[in-house]
Amino acid sequence: MDLLKSMMVAASGLKAQSGRMRIIAENIANADSTATKPGGDPYRRKIPTFQDSLDRSLGTETVQLGRPVLDNSDFQMKYMPGHPAADANGYVKMPNVNGLVEAMDMKEAQRSYEANLNLIQASRRMISQTIDILKR
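What you see is a predicted model; the values in this text were computed from it and never measured.

Quick notes on the overall build of the protein chain
From N to C terminus, the protein chain includes 2 helices and 6 strands. Beginning at the N terminus, the succession of helices and strands in the protein chain can be written as α-β-β-β-β-β-β-α. Here the C-alpha atoms of the protein chain give a radius of gyration of 22 Å, more than 25% beyond the 14 Å that 2.2 N^0.38 yields for 136 residues. Scored against the burial criterion, the 136 residues of the protein chain give a buried share of 28%. Here the analysis covers contacts within the protein chain between residues at least 6 apart in sequence; of these, 60% occur between residues at least 24 apart. Taking the 18 positively charged and 15 negatively charged side chains of the protein chain as two groups, their mean positions are separated by 6 Å.

Let's talk about the nonpolar core
Ala35, Ala85, Ala86, Val92 and Met94 form the largest nonpolar core, which has 5 residues in total. Excluding anything up to four places from it in sequence, Val92 contacts Thr34, Gln76, Met77, Lys78, Met80, His83, Ala85 and Ala86.

Digging into the pattern of salt bridges
One pass over the full model with this rule turns up 6 salt bridges. A salt bridge links Arg20 to Glu108; its shortest N-O distance comes to 3.1 Å. Of this pair, Arg20 sits in helix α1 (residues 3-29) while Glu108 sits in helix α2 (residues 99-135), and the two are 88 residues apart along the sequence. A salt bridge links Lys46 to Glu26; its shortest N-O distance comes to 2.8 Å. Here Lys46, found in strand β1 (residues 46-47), pairs with Glu26, found in helix α1; they are 20 residues apart in sequence, far enough to count as distant. On the basis of relative accessibility, which here comes to 24%, the residue Lys46 falls in the partly exposed class. Given the relative accessible area of 30%, Glu26 is considered partly exposed.

Focus: a nonpolar patch on the surface
Where nonpolar side chains cluster on the molecular surface, the patch consists of Met77, Tyr79 and Tyr91 and spans about 330 Å² of accessible area. Tracing the backbone shows Tyr79 in strand β5 (residues 76-79).

What about the pairing of strand β6 (residues 91-94)?
Of the two faces of β6, the one holding Val92 and Met94 is buried and the one holding Tyr91 and Lys93 is not buried anywhere. Sheet topology places β5 next to β6; 4 bridges connect them, and they run antiparallel. The residue bridging Lys78 from the neighbouring strand is Val92, located in β6.

Considering the environment of Leu117
Relative to the helices and strands, Leu117 resides in helix α2. For the pair Leu117 and Leu14, spaced 103 residues apart in the sequence, the C-alpha separation amounts to 7.0 Å.

Side note on the pairing of strand β3 (residues 60-65)
Here 6 bridges tie strand β2 (residues 50-55) to β3, and the two strands are oriented antiparallel to one another. Paired with Phe50 across the bridge in β3 is Leu65. In textbook terms, the turn of a hairpin is the stretch between consecutive antiparallel strands, and for β2 and β3 this stretch comprises 4 residues, one of which, Gly59, has a positive phi near 70°.

Definitions and limits used
- Residues numbered from 1 in each chain as written.
- Predicted model: local features only at pLDDT ≥ 70, side-chain atom pairs only at ≥ 80, totals over all residues.
- Heavy atoms only, no water.
- Helix = DSSP H or I, 4+ residues; strand = E, 2+ residues; numbered from the N terminus.
- Rg over C-alpha atoms; globule rule 2.2 N^0.38 Å.
- Buried < 20%, exposed > 50% of the residue type's maximum accessible area, 1.4 Å probe, protein only.
- Contact = heavy atoms within 4.5 Å.
- Lys, Arg positive; Asp, Glu negative; His and termini not counted.
- Charge placed at Lys NZ, Arg CZ, Asp CG, Glu CD.
- Core = buried A, V, L, I, M, F, W, Y, C linked by side-chain atoms within 4.5 Å.
- Salt bridge = Lys/Arg side-chain N within 4 Å of Asp/Glu carboxyl O.
- Patch = residues over 30% accessible without salt bridge, like charges linked within 9 Å, V, L, I, M, F, W, Y side chains within 5 Å.
- Areas by Shrake-Rupley, 256 points an atom, 1.4 Å probe, with all protein chains shown as cover.
- Pairing = 2+ DSSP bridges.

Next comes the structure, spelled out in structure tokens:
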């Protein structure tokens, strides 16, 4: 695979990881949101997905962010009798977002983003050095 193709594949990885971080940030932002009416469901955690796609112009496969999938795990129940979304027993459904899981996912996405960025930088250096060698 030539260096330009590797840079394009890494660029698709950057875009996919950026989208993944956006979804994780949305989960974190909605971690404390509740339903607007009693018995309603609060925010449901989204799980990012990826899919490969064939880039015909490059002749290689790249990665892209797929449609996020909703996490079907149970909502947390919190006793808050005065809350407008509380049921008859005083419990409020809280989102199924775990801050620790989201922080770990964010760190993993950040590391993947950095790895793709490092690949692009290394490829650029190699191209530059090749051009310098050819000038001699």
